[in-house]
Amino acid sequence: MVADFFILLPQQKKMERPDSHVRRFRSPRRQERRTIFLALAAGALFVIPTAPVFAQDGGWTTPVSISANHTLPEYPAMALGRDGKIFVVWDEENQLPDTRWRQLFFAEFNGLEWSTPVALSDTGTVNWTPDIAVDSLGTVHIVWLGGTLDSSMTLYRAFDGFTWSAPVSLPPLWSFPKIAIDHKAGIHVVANDGYGVSYRRCDGSAWSAPINISDSLTPAGFPAIAIDSKNNVHVTFHASDPTMTRSTEIFYRKGGVEGWSSIARITTDSMESESPDIVLTATDRPVIFWSQSNYPLPSVKVQVSGSDGKSWSVPHIVSDTTDSYEVSAATDGYGHIHLAWQVWNRLTRRGGLLYTNNSKGEWAPPEDITGNSAFGAYARPTLRFDKDGKGHAVWLAINESPYPGTASILYAREDLAMSVSEKQATIPAEAFLFPNYPNPFNPSTTIRYALPQRSHVTLSVFNTLGQEVASLANETQEAGYHDVKFDGSGLASGVYFYRLRAGDYVASKRLILVR
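Residues numbered from 1 in each chain as written. Predicted model: local features only at pLDDT ≥ 70, side-chain atom pairs only at ≥ 80, totals over all residues. Heavy atoms only, no water.

Bringing the overall build of the protein chain into the picture now. Scanning the protein chain from terminus to terminus reveals 1 helix and 38 strands. Here the protein chain, with 515 residues, has 56% of them falling under the buried criterion. Taking all contacts inside the protein chain whose residues are at least 6 apart in sequence as the whole, residues at least 24 apart take part in 55%. Roughly 21300 Å² of accessible area belongs to the protein chain as shown, and the carbon and sulfur atoms make up 52% of that amount. (Helix = DSSP H or I, 4+ residues; strand = E, 2+ residues; numbered from the N terminus. Buried < 20%, exposed > 50% of the residue type's maximum accessible area, 1.4 Å probe, protein only. Contact = heavy atoms within 4.5 Å. Areas by Shrake-Rupley, 256 points an atom, 1.4 Å probe, with all protein chains shown as cover.)

Attention shifts here to the packing of aromatic side chains. Summed over the entire model, instances satisfying the criterion amount to 17 aromatic pairs. Ring centres of Trp90 and Phe105 lie 6.3 Å apart, and the angle between their planes is 20°; this geometry places the pair in the stacked category. Placement of the pair is Trp90 in strand 5 (residues 86-93) and Phe105 in strand 6 (residues 102-109), with a sequence separation of 15 residues. Among the residues examined, Trp90 registers a relative accessible area of 0% and is labelled buried. Ring geometry for Phe176 against Phe222: centres 4.7 Å apart, planes inclined by 55°, an arrangement best described as tilted. Taken together, the residues span a long stretch of sequence, with Phe176 in the loop between strand 11 (168-169) and strand 12 (178-181) and Phe222 in strand 16 (residues 220-227) at a distance of 46 residues. Accessibility classification places Phe176 together with Phe222 in one group, the buried group. Taken together through their ring pairs, the aromatic side chains of Phe87, Phe106, Phe159 and Trp164 make up a single cluster. The ring of Tyr75 carries Arg380 above its face, with NZ or CZ at 3.8 Å from the centroid. (Phe/Tyr/Trp six-rings, centres within 6.5 Å; stacked < 30°, edge-to-face > 60°. Lys NZ or Arg CZ within 6 Å of the ring centre and 35° of its normal.)

Moving on, we come to the sheet that holds strand 32 (residues 432-433). Taken together, the 3 strands give an open sheet; going across it, the order is 32-33-36, and neighbouring strands pair in antiparallel fashion. Bordering the open sheet on either side are strand 32 and strand 36 (480-487), each of which pairs with just one other strand. Sheet topology places strand 33 (residues 444-451) next to strand 36; 8 bridges connect them, and they run antiparallel. Within strand 36, the position partnered with Tyr449 by the bridge is His482. (Pairing = 2+ DSSP bridges.)

With that settled, the discussion passes to the pattern of salt bridges. As enumerated under the stated definition, the model contains 9 salt bridges in all. As a salt-bridge pair, Glu93 and Arg102 come within 3.9 Å of each other at their nearest N and O atoms. Here Glu93 matches Arg102 in class, with each residue buried. Asp483 serves as the salt-bridge partner of Arg448, at 2.6 Å between the closest nitrogen and oxygen. Here Arg448 is found in strand 33, whereas its partner Asp483 is found in strand 36, with 35 residues between them in sequence. Overall, the relative accessible area of 9% leaves Arg448 in the buried class. Because the salt bridges share partners, they merge into one network encompassing Glu74, Asp91, Glu93 and Arg102. (Salt bridge = Lys/Arg side-chain N within 4 Å of Asp/Glu carboxyl O.)

Note on placement: Val394 falls in strand 30 (residues 391-399). For Val394, a relative accessible area of 0% gives the class buried. Sequence separation of Val394 and Arg384 is 10 residues, and the distance between their C-alpha atoms is 9.1 Å. Ignoring any residue separated from it by four or fewer positions in sequence, one finds Val394 in contact with Ile66, Pro76, Met78, Val88, Arg380, Pro381, Thr382, Leu410 and Tyr411.

For the rest of this paragraph, the subject is the sheet that holds strand 8 (residues 126-134). Overall, antiparallel pairing links the 4 strands, which are arranged 8-9-10-11 in an open sheet. Unpaired on one side and paired on the other, strand 8 and strand 11 mark the two borders of the sheet. Examined bridge by bridge, strand 8 and strand 9 (residues 140-147) share 7 bridges and lie antiparallel to one another. Bridge assignment links Val126 to a residue of strand 9, and that residue is Gly147.

On average, residues of the protein chain score 78 in pLDDT, and 75% of them reach the 70 mark or higher. Taken together, the stretch residues 1-33 has pLDDT below 50 and engages in 180 contacts with residues farther than four places along the chain or on a different chain. Below a pLDDT of 50 lies the segment residues 39-58, which in the model reaches 55 contacts outside its immediate sequence neighbourhood of four places, other chains included. (pLDDT = per-residue confidence, 0-100.)

Moving on: the pairing of strand 12. When strand 12 meets strand 13 (residues 187-192), the two strands line up antiparallel, connected through 4 bridges. Its bridge partner being in strand 13, Ala180 is matched across the sheet by His188. The hairpin formed by strand 12 and strand 13 contains 5 residues between the paired strands, and Ala185 there has a positive phi angle of roughly 70°.

Another point: the side chain of Ser455. Looking at the secondary structure, you find Ser455 in strand 34 (residues 455-462). By relative accessible area, Ser455 is classed as buried at 9%. In terms of polar contacts, Ser455 uses its side chain to reach the backbone carbonyl oxygen of Gln453, at 2.9 Å. (Polar contact = N/O pair within 3.5 Å; in protein donor to acceptor, adjacent residues only side chain to side chain.)

Moving on: the pairing of strand 13. With 6 of 6 residues buried, strand 13 is to be regarded as a mostly interior element. Pairing of strand 13 with strand 14 (residues 197-202), which is carried by 6 bridges, proceeds in the antiparallel orientation. Looking across to strand 14, one finds that Asn192 is bridged to Val197.

Tracing the sequence through the fold places Ser121 in the loop between strand 7 (118-119) and strand 8. The class of Ser121 is buried, set by a relative accessible area of 12%. At 2.8 Å, the side chain of Ser121 forms a polar contact with the backbone nitrogen of Leu104. For Ser121, the residues in contact, after removing those within four places along its chain, are Arg102, Gln103, Leu104 and Asn127.

Comment: phi is negative for the bulk of residues other than glycine, and the bulk of peptide bonds are trans. Cis rather than trans, the peptide bond between Asn439 and Pro440 has omega equal to 5°. Relative to the assigned elements, Pro440 resides in the loop between strand 32 and strand 33. Although it is not a glycine, Asp215 sits at a positive phi angle of roughly 50°. Checked against the element boundaries, Asp215 lands in the loop between strand 15 (211-212) and strand 16. For Phe222, which is not glycine, the phi dihedral falls at a positive 50°.

Next up, the structure:
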């Protein structure tokens, strides 16, 4: 089994417009102790990290501010593009008295430096809670709640590297939209619709009609979305339990070419489980995580499904760090799981941002990656991993001095916390052929596969007629993760297939060469 996992951030239970004042982040909304839990399939290995440690040399770089002289930013989101590019979007409250409009800002890292933030929305409008994704061709896609205080809905824009498209409204989608891109560059968006959760997709030419995926569950909201290797859509959300006076539960639904599955209820403990998030393992196993209140030791919990995606395992503790909030998780190209979350000390009124991973088969002790004592609190981390397995994080940092109540968007990257060779040296539990990256590509792409034991390996590329056009491997290889570069310079544009044989394991995937 290739393990993965994720985490989540506590939000308001009611479907309200997000409060725009950044000062509320100086302490978390809820004042309970929290613990991080992990649910694994039977027989999986897990450990409970103890006290957090501070980042050492070779961990994470010193954070840098990417919001320049912007003093009231909020809700950052990040996506990784090709050639080392990083894209970050956030909303920001205006600083004029007696007004309540918010603007959307965007910054880009070109591999050398961060750009000056640019506004993506007009003054006098209201823009909240953006999300961002990048497709395989490098096009940037963003969604957010936009409009006026009296009339707003989810808006969408795209950036091809030169110009931004005009905003497109996506009714009835409303607040806290989330976006994901499939392997055919299809765009998928979910959001609160005021009472439940709605979904829309775009195939590149037109947007589909909205689908309410929460059915009769209401109020329902704060959805999260992920797309698997077969372009199936995985969505999780929280909704009230009509049989309980103080209970919100976590639900899951899967959609694809055959329609939507029935809604699965993930939690059954009649607690306040809120704001779920979801990530997929290398074998397309969904992992759902959420925060939970009203418990003797309130916690952030994580669950992972069985291999068929229908049964859910019992949560297990990942970290017993108390007062844990607003967590994000990601997987790297080797199937390892990485987590970052906010912690808060109510006595000292200071916080941190902790990070851990299971790269060596067990959860490492959390380390504080903030590295800056000038900030008093941290919120809303976003964690992503690039094709080389290096982590990137952005988060909101609240100033204590010299300007209390203001904030900054900070960025840090993993600085050889674990080298590529070390990650490749870990032994996977099963053979697996990963999707090539990038895809589509021109002229080269990387094919990655996992071997649980020493095996004779053949890796070949075929055209649509079944003719072999390239032999990339035909040898005995050691257990671990392997990368092979395929150069299609001598081939015509079109669809090709690559096939891996390793012992009894055989798998094929499609790649697209675009000139």
